[in-house]
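Fold and contact review
Take a look at the letters that make up each chain.
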Amino acid sequence: MDAQMADAIRRMEEIHEKNLLGGGKEQIERQHKREKLTARERIDILLDPGTFSEIGACVNTTGIRIDGKSSDAPCDGSVVGTGKVDGRWVAVYASDFTVMGGSLGTQHGMKFIKLIEMAARWGIPMVWLLDSSGGRLGYQDVPMAGVDWWFALESRYSGLIPQINVLMGPCIAGQAYCPTLCDFLLMSRKTAHLWLGGPRMTQAATSETIGENVGGADYHMEYSGTCDVVGEDDRETILKARALLNYLPANFKKPAPRKEPRDDPMRKVDELLEIVPADFQKTYDIHKVIKAVVDDGEVFEIKSEYAKTLITCFCRFNGSVAGLVAGNPAQPGPMLSIDSCDKYYRFLQTLDAYSIPLVSLLDTPPEVPGQDQEAKGLLRHFGKIIDVYATATIPKISIILREAYADAGSIIMGCGKGMGVDLCYAWPNSRLAVEASGLDYRKVYGRGIDEDAYEGYLNRAREKVDVFRVANSWSAQVVDEVIHPAETRQKIIEAIALTREKTDQRPARAKTHGAPPV
């Protein structure tokens, strides 16, 4: 080796060694005192040991502040590269809070932009490990730091490669759009905060004092619905991201990863007869039904504490990934509210983007929405569900467990064959109706209503029809077969296998989207 090459290698190694420490030992200690891990520690938890390959490891920006002073920024505050999760390639971006608070500099932004473009080109998932104070204010060369490119690229690559954002620190103002544009947002309960305005900015602008809970993981899980999964701390949240990746394909052209099943595909689920009461007035927790029918009782729930009348989760049937949606009779209120419509719409869009089959377990309680929901546009939100279900081209399988009422959401969630359900099964004690309510409208409105109208609609619309009467009238095209409850798992597995090669027979569109209600 000649002297010139030896000197170049020495310089490279010195830069690498310096950049590995980020903002230095003092900043790393401060990070740990905040109960947060460093960027590189987070990457080590996410990826299989020894698989991380860094990109841009020699970047070392010297930021020139407006006042003329300079600041050193190893890796410009972002660590990016590729690695493997359970043997599958992913791209990973980690903001380094020990370097200028993980703020966005020009090199920082361009490293991410280049990475997500490569991830889309190579067809591998993109994972963000975000902990950033936002824009790097007060520096001469950082007007936007490329954040406008971030927004555009996230949107353009949505549905092409899975994008998972793991938030473990602050995220404020413009940068706060980034997590919402990803397919999934996971937040650490201890350290994550997501605001558009933030406490200081809001108080300065409006004099309003924001509570400490606003912007935290539980807030965005329970109230705003922005968060999909909550972890207790950095480590648990990252491990949940690893688990989520096991249910997602590398890209929209590839199938979701199959897992060799330990569970017998022909297993009968006799316990369902005990879990689900035959008495329609009694409630039960649908989680027990789900765990009984899926492989090994394993599910990965999305938005578990938001709009709890509706369950959305990933699971497997005979090793194949499926998305499962179910109303939960254990929760009071209508199955489809404005919030649960948003939850359902987002989940089904994701399933359709990545060709993951949908399984619906239907038991819709006879609940009628009130004035508040109507005023906020419940019908418009129902329209979103109709649009996303009817236009989704994935396999769609439905099981009616007990009650299926049109105005409670059953028809627009796969109880009606015209909506595009591939196979709809029903338990023998199921009953169906156009309208869920059991009200006597003559008592509500008085005797002024035309008796013919009452007899023709107000009475018969509320008539509950058992599944055998439906089966006798195939022109209704609601149920394909009445099944024994214990055969529910077998039928779902069979249906997924039958519809695996399903083709889309809709007319081709010039654009890739319609104009659904929003």
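Our subject is the structure listed above.
All of these numbers come straight from a predicted model, not from anything done at the bench.

Re the nonpolar core
Counting residues in each nonpolar core, the largest one holds 63 residues, and the members touching the most others are L129, F314 and Y344. In terms of residue count, the dominant contributor to this core is helix 12 (residues 338-353) (seven residues). Counting 35 residues, the second-largest nonpolar core is a separate cluster that includes V147, I161, L185 and Y306.

Some remarks on the packing of helix 3 (residues 39-46) against helix 9 (residues 234-245)
As a packed pair, helix 3 and helix 9 sit with axes 9 Å apart at the nearest point and diverge in direction by 40 degrees. Judged by the angle between their axes, helix 3 and helix 9 are oblique. Taken as a pair, helix 3 and helix 9 cross one another with a handedness that is right-handed. Touching R42, I45 and L46 of helix 3 are D234, R235, I238, L239 and R242, all from helix 9. Class assignment for the residues of the contact of helix 3 with helix 9 results in four nonpolar, no polar and four charged.

A word on the environment of E271
With respect to the secondary-structure elements, E271 resides in the loop between helix 9 and helix 10 (272-275). E271 gets classed as partly exposed once you look at its relative accessible area, which sits at 38%.

Concerning the pairing of strand 15 (residues 358-362)
Summarising burial for strand 15: five of the five residues are buried, a large majority. Burial of the side chains of strand 15 extends over both faces: L358, S360 and L362 are buried on one face and V359 and L361 on the other. In terms of strand pairing, strand 14 (residues 320-327) meets strand 15 through four bridges, oriented parallel. In the sheet register, A326 faces strand 15, and the bridge partner there is L361. Following the chain from strand 14 across helix 12 to the adjacent parallel strand 15, one finds a crossover that is right-handed.

Here's the deal with the packing of aromatic side chains
Under the counting rule described, the total for this entry stands at twelve aromatic pairs. Consider the rings of W128 and W150, whose centres lie 5.5 Å apart with planes at 65 degrees: the pair is edge-to-face. Linking W128 in strand 6 (residues 126-130) with W150 in helix 5 (residues 147-156), this pair joins segments that are 22 residues apart in sequence. The buried category is assigned to W128, whose relative accessible area is 0%. The class of W150 is buried, set by a relative accessible area of 0%.

Focus: the pairing of strand 4 (residues 78-85)
Counting buried positions along strand 4 gives seven out of eight residues, so the element sits mostly inside the fold. Of the strand pairs in this sheet, strand 1 (residues 53-55) and strand 4 are connected by three bridges, and their pairing is antiparallel. Bridge pairing in strand 4 places S53 opposite T82. Adjacent in sequence and paired antiparallel, strand 4 and strand 5 (residues 88-95) are bridged by two residues, among which D86 carries a positive phi angle near 50 degrees.

About the criteria used
- Residues numbered from 1 in each chain as written.
- Predicted model: local features only at pLDDT ≥ 70, side-chain atom pairs only at ≥ 80, totals over all residues.
- Heavy atoms only, no water.
- Core = buried A, V, L, I, M, F, W, Y, C linked by side-chain atoms within 4.5 Å.
- Buried < 20%, exposed > 50% of the residue type's maximum accessible area, 1.4 Å probe, protein only.
- Helix = DSSP H or I, 4+ residues; strand = E, 2+ residues; numbered from the N terminus.
- Axes fitted to C-alpha atoms, helices over the stretch in contact; angles between N-to-C directions.
- Parallel < 35°, antiparallel > 145°, perpendicular 65-115°, else oblique.
- Left-handed = near helix turned anticlockwise from the far one by under 90°.
- Contact = heavy atoms within 4.5 Å.
- Nonpolar A, V, L, I, M, F, W, Y, C, P; charged D, E, K, R; others polar.
- Pairing = 2+ DSSP bridges.
- Right-handed = clockwise from strand over helix to strand, strands pointing away.
- Phe/Tyr/Trp six-rings, centres within 6.5 Å; stacked < 30°, edge-to-face > 60°.

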